[in-house]
Amino acid sequence: VTAIAIRPVMTDRLTLEPLRSEHAPEMFAVLSDPALYEFERSPPASVSELAERYTRQEARQSSDGQEQWLNWMIRLPSGELAGYVQATVTADRRALIAYELASRFWGHGYGREAVTSMLAELVATHGVRDSVAVFKCRNERSRRLLTHLGFTAAPDEILQALDVQSDESVMYRPH
Ligand SMILES: CC(C)(COP(=O)(O)OP(=O)(O)OC[C@H]1O[C@@H](n2cnc3c(N)ncnc32)[C@H](O)[C@@H]1OP(=O)(O)O)[C@@H](O)C(=O)NCCC(=O)NCCS
């Protein structure tokens, strides 16, 4: 299995840093924001639990080599970390994307800027054909972000390939 090469990505205002386990202490503070868990999931239990997760993700692929795990930390001009963007790329070159920013950084266009630049990098460097996002139906912020980026409701063919819950929405964008 060959190692997955992942590059830093510079945007107008942000640096997207490839995930390293050393990001865990800084990201633990970012991910401890309760506003992130209004619709789903819960915060990491401890810095060491997050560091273990990041050490696994640093492999950047599943053990069978079928999936690539691409994660970038979002670094602001101030030097602080704001959150992350993430893509799981399948063997058929489809990206399942996710993103989270701490709430004190919402509403500055950082989410849109980070996700836009990740999508461009996925196409340019990782051969991604289309991107899919699964999120809770009530998560209007996420829906608006995706709509601004040209995502639309996913076709049935994509829904059938995923394990989607009744309270989840799926949006899709061909590249
Ligand atoms: C969804 C999420 C990433 C959006 O992040 P964000 O940085 O606030 O997004 P943006 O700032 O790009 O867009 C939010 C609003 O700010 C506006 N905005 C303010 N200043 C802006 C600027 N300088 N440039 C662009 N947009 C700007 C946008 O127009 C947008 O408004 P709209 O939704 O009414 O159109 C963030 O709310 C989040 O992390 N939520 C919790 C985690 C989550 O739900 N993740 C999704 C599940 S995978």
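Model, not experiment: these values are computed from the prediction. (Residues numbered from 1 in each chain as written. Predicted model: local features only at pLDDT ≥ 70, side-chain atom pairs only at ≥ 80, totals over all residues. Heavy atoms only, no water.)

Trainee: So what about the nonpolar core? Which residues, and what values?
Mentor: Judged by nonpolar contacts, the single largest core of 45 residues is most densely connected at Met27, Trp72, Val85, Ile97 and Leu122. Mapped onto this core, the elements with two or more residues apiece are α1 (24-31), α2 (47-57), β3 (68-75), β4 (81-89), β5 (94-101), α3 (110-126), β6 (130-136) and α4 (140-148). In contact with Ile97, not counting residues within four places along its chain, are Gln86, Ala87, Val115, Met118, Leu119, Leu122, Ser131, Val132, Ala133, Leu146 and Phe151. If you look at the next biggest cluster of nonpolar residues, it comprises five residues, including Val132, Ile158, Val170 and Tyr172. (Core = buried A, V, L, I, M, F, W, Y, C linked by side-chain atoms within 4.5 Å. Buried < 20%, exposed > 50% of the residue type's maximum accessible area, 1.4 Å probe, protein only. Helix = DSSP H or I, 4+ residues; strand = E, 2+ residues; numbered from the N terminus. Contact = heavy atoms within 4.5 Å.)

Trainee: I'd like to hear about the sheet that holds strand β7 (residues 152-153), residue by residue, with values.
Mentor: In spatial order, the strands read β1-β2-β3-β4-β5-β6-β8-β7; together these eight strands make up an open sheet with mixed pairing. Whereas interior strands pair on both sides, the edge strands pair on one side only; in this sheet they are β1 (9-10) and β7. Relative to β3, strand β2 (residues 15-18) runs antiparallel, the two being bridged by four bridges. Along β3, the bridge assignment pairs Pro18 with Trp72. (Pairing = 2+ DSSP bridges.)

Trainee: Requested: an account of the site of the ligand, with residues and values cited.
Mentor: Around the ligand sit 18 residues in total, of which Gly107, Gly109, Asn139, Arg144 and His148 are the nearest. Backbone polar atom of Leu101 to an oxygen atom of the ligand: 2.8 Å apart, as the coordinates give it. Between the ligand and Arg112 there is a distance of 2.8 Å, counted from an oxygen atom to a side-chain nitrogen or oxygen. With the chains in place, 74% of the 940 Å² that the ligand exposes on its own is no longer accessible. Of all the secondary-structure elements, those providing two or more residues to the shell around the ligand are β5, α3 and α4. Grouping the amino acids of the shell around the ligand by side-chain chemistry returns seven nonpolar, seven polar and four charged. (Near = heavy atom within 4 Å. Polar contact = N/O pair within 3.5 Å; in protein donor to acceptor, adjacent residues only side chain to side chain. Areas by Shrake-Rupley, 256 points an atom, 1.4 Å probe, with all protein chains shown as cover. Nonpolar A, V, L, I, M, F, W, Y, C, P; charged D, E, K, R; others polar.)

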